[in-house]
2 protein chains.
Amino acid sequence: MKMDGVNEQARLSPQDQLSAWLSADMAAVNALIRERMNSEHAPRIPEVTAHLIEAGGKRIRPMLVLAAAHICGYPSRAPQGQDHIKLAATVEFIHTATLLHDDVVDESAQRRGRPTANLLWDNKSSVLVGDYLFARAFQLMVEPGNLQALNILANASATIAEGEVLQLTAAQDITTSEETYLKVVRGKTAALFSAATESGALIAGASPEQIRALYTYGDALGIAFQIADDLLDYGGTSAAIGKNTGDDFRERKLTLPLIKAISQADEAERAFWIRVIEKGQQQEGDLEEALRIMQAHGALDAARSDALAWSDRAREALSLLPDHPLKATLSALAEYVVSRLN
Amino acid sequence: MKMDGVNEQARLSPQDQLSAWLSADMAAVNALIRERMNSEHAPRIPEVTAHLIEAGGKRIRPMLVLAAAHICGYPSRAPQGQDHIKLAATVEFIHTATLLHDDVVDESAQRRGRPTANLLWDNKSSVLVGDYLFARAFQLMVEPGNLQALNILANASATIAEGEVLQLTAAQDITTSEETYLKVVRGKTAALFSAATESGALIAGASPEQIRALYTYGDALGIAFQIADDLLDYGGTSAAIGKNTGDDFRERKLTLPLIKAISQADEAERAFWIRVIEKGQQQEGDLEEALRIMQAHGALDAARSDALAWSDRAREALSLLPDHPLKATLSALAEYVVSRLN
């Protein structure tokens, strides 16, 4: 795999490598976001949006659009083309809209180290500004006039919303299957990752195989990332309790390690899960007991294996793509999202 | 104006005339709505949606799409075309999504004579199912593959969301202008009415003048309807207190009669408006006093004149359209929405 243009940045994280390589494009994306989040009539809209957008998210989704487009040769084929910039801003708007609504649904108080919009203003503003950003995303993505890209983003929007509802109804339900978990994860993370990479390839005029490969990359990357995140909430595979351990347990979320442990529960363990997850009657020492049961069944190791397999799948998909310096960066990114598990 | 096909239904309201004329199309629209509101994975979605959609709204928005398409000759030009059905279902989905979010924002307990979804389930479900319906609308409207129609509906979605935020921030602000009121009304009602009629004409292949005329009709119809509604909340021009009088006053909403009265307030009246609307310190007899002040300045009559003028504008726009039995029905509809003021 060629590494030119990436070697000199070897000490940078893959996200920072992407940022560096895509800096000119990202400046255009950020300018477009600032322009389009404005509202002539309702100043509350840019206030709420800026609070969230300028808190400095990692902008991973717009960078995935841009990277996919570049790898598939977008700027050289259409030197004046701005479609990748528009699609990149679109996915960031969709993402921001879902964050605003998520914080209302989860009654969150903090996001990106700052108080949430629902706390600073109110739930009403978060709901309505989220709707506005979704509509703005929709306006933006109509502009390139590519019906296939519109279809990809429309389908991703439906998958996201469906996954959120599914997560809501699956919460505290100990019969939740790994299949349902995967649907929730696709809604939560993977659907917008894969829509970003797929639509980026599409507007670059890539072949159907390349478009499919970039879809697979984004989907697998998102799933690997989310499983790793859920596993880290139980302290990774060390089962040692750190300061960020146990949030999902306390909120009774059915994530992969828990689902795997429940599927192998004996009668006594089953009674334990019903008490702490279904009924929510948690007491001192329950998290430790949950971790002990998970370790006993190898649930944490099994979840780790799954995350690594999805990471491998993401990297393998890249082999179908043309040579490009950003290929190594995307590969490193897929490795990076699960590196926290080692 | 020709009345054939409508005369025999003369005793029906214009909505019922539309329902009768469009019954075959509306059966297809309702079937499509039922099909698309389903979710394989999240049964909560059709539950919440059915609760609202099957409560029997008047379906005025989808009927406006269909009527505009028919008047502009859609079915005869494209006998197998289903685009008008898809667009009609789209606008009903957008409308339903906004109702779900509105009831969260307004903390409403009743809608269409039934408990609201946010009360029966929870705010979370209303937010997320609303998002899902908006995404489904988006998928549906991509299907006809008409970029201009997509643009119209994307713009309407942004106007709706912007109007809602504007209404939120303008509430209790006695400096709200008639211009701001009009923007709120467009967001609340007229933007989706005009998007319905404009997109219906567009997919029928109408001329730019006809498309523009149907845009104007929908816009003016929506504004006339909303002004009439806001006026009736103060008992129409009779200024008699009925059982439905005064809700907007109690919620301190800046609607047209109030804005007109405030713009002419002397010092004492101004102090009154600051106390009851801005500070919300309302007491027994305040509504009567508000009505007396409005009468004294002719604010109710002036609002009524505005509503009638918008109704006239809607009917005049129809003169640019080809002869069609539904023209008389649309004209009667524009008269009907303000007839409650006589």
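Everything below is about the structure printed above this text.
Residues numbered from 1 in each chain as written. Chains lettered and ligands numbered in written order. Predicted model: local features only at pLDDT ≥ 70, side-chain atom pairs only at ≥ 80, totals over all residues. Heavy atoms only, no water.

Colleague: Can you break down the overall build of chain A residue by residue, with the values?
Modeller: In terms of regular secondary structure, chain A is built from 17 helices and two strands. Computed over its C-alpha atoms, the radius of gyration of chain A comes to 21 Å, within 12% of the 20 Å expected for a compact globule of 342 residues. Principal-axis analysis of the C-alpha atoms gives chain A an extent of 65 × 50 × 35 Å. The buried share among the 342 residues of chain A stands at 57%. As displayed, chain A offers around 13600 Å² of accessible surface, 46% of which is attributable to carbon and sulfur atoms. Side chains of chain A give 33 positive and 45 negative charges; the mean places of these two sets differ by 3 Å. (Helix = DSSP H or I, 4+ residues; strand = E, 2+ residues; numbered from the N terminus. Rg over C-alpha atoms; globule rule 2.2 N^0.38 Å. Buried < 20%, exposed > 50% of the residue type's maximum accessible area, 1.4 Å probe, protein only. Areas by Shrake-Rupley, 256 points an atom, 1.4 Å probe, with all protein chains shown as cover. Lys, Arg positive; Asp, Glu negative; His and termini not counted. Charge placed at Lys NZ, Arg CZ, Asp CG, Glu CD.)

Colleague: Residues and numbers for the packing of aromatic side chains, please.
Modeller: Throughout the structure, instances matching the rule amount to seven aromatic pairs over all chains. Considering the side-chain rings of F193 of chain A and F225 of chain A, the 6.5 Å spacing of their centres and the 35° angle between planes classify their relative orientation as tilted. On the criterion of sequence distance, the pair formed by F193 of chain A in helix 10 (residues 178–203) and F225 of chain A in helix 11 (residues 208–232) is long-range, its members being 32 residues apart. Members of the aromatic cluster, connected to one another through ring pairs, are F134 and F138 of chain A together with F134 and F138 of chain B. (Phe/Tyr/Trp six-rings, centres within 6.5 Å; stacked < 30°, edge-to-face > 60°.)

Colleague: Mind laying out the pattern of salt bridges, listing which residues take part and the relevant values?
Modeller: Residue and element names in this part refer to chain A. Per the stated rule, a full pass over the model turns up 32 salt bridges over all chains. Close ionic contact of R186 with D219 constitutes a salt bridge, the shortest N to O distance being 2.8 Å. Remark: D219 occurs in helix 11 and R186 occurs in helix 10; sequence separation between them is 33 residues. K253 is the salt-bridge partner of E251, the closest N and O atoms lying 3.4 Å from each other. With relative accessibility at 25%, the residue K253 sits in the partly exposed group. One salt-bridge network, in which partners are shared between bridges, spans E35, R36, K86 and E143. (Salt bridge = Lys/Arg side-chain N within 4 Å of Asp/Glu carboxyl O.)

Colleague: Explain the packing of helix 6 (residues 83–105) of chain B against helix 8 (residues 123–142) of chain B to me, using residue names and the numbers behind them.
Modeller: All names here are of chain B. One way to put it is that helix 6 packs onto helix 8 with a least axis distance of 8 Å and a crossing angle of 160°. Overall, the two elements helix 6 and helix 8 adopt an arrangement that is roughly antiparallel. Of the two possible hands of crossing, helix 6 and helix 8 adopt the one that is left-handed. Contacts between helix 6 and helix 8 involve K86, L87, A89, T90, F93, I94, T96, A97, L100, H101 and V104 from the former and N123, S126, V127, V129, G130, D131, L133, F134, A137, L140 and M141 from the latter. A class-by-class count of the residues in the contact of helix 6 with helix 8 yields 14 nonpolar, six polar and two charged. (Axes fitted to C-alpha atoms, helices over the stretch in contact; angles between N-to-C directions. Parallel < 35°, antiparallel > 145°, perpendicular 65-115°, else oblique. Left-handed = near helix turned anticlockwise from the far one by under 90°. Contact = heavy atoms within 4.5 Å. Nonpolar A, V, L, I, M, F, W, Y, C, P; charged D, E, K, R; others polar.)

Colleague: With reference to specific residues and values, describe the environment of R186 of chain B.
Modeller: All names here are of chain B. A relative accessible area of 26% means that R186 is categorised as partly exposed. Distance from R186 to L231, taken between C-alpha atoms, is 16 Å for residues 45 residues apart in sequence. When neighbours within four sequence positions are excluded, R186 is seen to be in contact with T159, A191, D219, I223 and W310. A distance of 2.8 Å separates the side chain of R186 from the side chain of D219, its partner in a polar contact. (Polar contact = N/O pair within 3.5 Å; in protein donor to acceptor, adjacent residues only side chain to side chain.)

Colleague: Can you explain the relation of the copies chain A and chain B? Please cite residues and give values.
Modeller: With an RMSD of 0.0 Å, chain A superimposes on chain B once it is rotated by 180° and translated 0.0 Å along the axis. Both copies are brought into coincidence by an operation consistent with a two-fold rotation axis. Taking C-alpha positions as the reference, the residue of chain A nearest the rotation axis is V127 of chain A, at 3.7 Å. When the interface residues of chain A are mapped onto chain B, 100% of them are again interface residues, pointing to one common binding face. (Least-squares fit on C-alpha atoms with pLDDT ≥ 70 in both.)

Colleague: Requested: an account of helix 8 (residues 123–142) of chain A, with residues and values cited.
Modeller: Across its 20 residues, helix 8 of chain A extends 29 Å between first and last C-alpha, which sits within 8% of the 28 Å expected from 1.5 Å per residue. When you tally the buried positions in helix 8 of chain A, you get 18 out of 20 residues, the bulk of the element. (Expected span 1.5 Å × (residues − 1).)

Colleague: Before we move on, could you go through the interface of chain A and chain B and cite the residues and values that matter?
Modeller: Taken together, the contact pairs 41 residues of chain A with 41 residues of chain B. Here chain A packs against chain B, burying approximately 3800 Å² in sum over the two surfaces, 79% of which is carbon and sulfur. Our enumeration of links across chain A and chain B arrives at zero salt bridges. At the junction of chain A with chain B, the criterion picks out six residue pairs in polar contact (both at pLDDT 80 or more). Only helix 3 (44–53), helix 6 (83–105), helix 8 and helix 9 (147–170) of chain A provide two or more residues apiece to the side of chain A that touches chain B. Per-element accounting of the side of chain A that touches chain B gives the leading share, 15 residues, to helix 9 of chain A. When the residues that make up the side of chain A that touches chain B are grouped by side-chain class, the tally is 21 nonpolar, 10 polar and 10 charged. (Buried area = accessible area lost by both parts, 1.4 Å probe.)

Colleague: Describe the nonpolar core, with residues and values.
Modeller: Buried together is how nonpolar side chains tend to be arranged in soluble globular proteins. Residues Y217 and W273 of chain A together with Y217 and W273 of chain B are the most contacted members of the largest nonpolar core, which totals 239 residues. Residue contacts for W273 of chain B: discarding those within four places in its chain leaves I174, F249, L258, A261, I262, A265, E278, A290, I293 and M294 of chain B. (Core = buried A, V, L, I, M, F, W, Y, C linked by side-chain atoms within 4.5 Å.)

Colleague: Can you tell me about the side chain of T176 of chain A, naming the residues and giving the values?
Modeller: All names here are of chain A. Structurally, T176 is set in the loop between helix 9 and helix 10. Under the relative-accessibility criterion, T176 is labelled buried at 11%. Polar contacts involving the side chain of T176 include one to the main-chain carbonyl oxygen of A170, which spans 3.4 Å. Reaching out from T176, the side chain makes a polar contact with the backbone oxygen of D173 at a distance of 2.6 Å.

Colleague: Give a description of unusual backbone geometry that names residues and reports values.
Modeller: All names here are of chain A. Despite not being glycine, Q172 has its phi angle at roughly 70°, a positive value. Looking at the secondary structure, you find Q172 in the loop between helix 9 and helix 10. On the accessibility criterion, Q172 (32% relative accessible area) is partly exposed.

Colleague: Residue-level account of the side chain of R36 of chain B, with values.
Modeller: Residues and elements named next belong to chain B. Positionally, R36 belongs in helix 2 (residues 23–36). Under the relative-accessibility criterion, R36 is labelled buried at 16%. A distance of 2.8 Å separates the side chain of R36 from the side chain of E143, its partner in a polar contact. Apart from the residues within four sequence positions on either side, R36 is in contact with F93, R136, L140 and E143.

Colleague: Can you lay out helix 6 of chain B for me, pointing to particular residues and giving the numbers?
Modeller: Residue and element names in this part refer to chain B. Taking 1.5 Å per residue as the helical rise, helix 6 with its 23 residues ought to reach 33 Å, and the 33 Å between its terminal C-alpha atoms agrees with that figure. With 21 of 23 residues buried, helix 6 lies mostly within the body of the structure. Positioned one or two residues after helix 6, E107 has a phi angle of 50°, which is positive.

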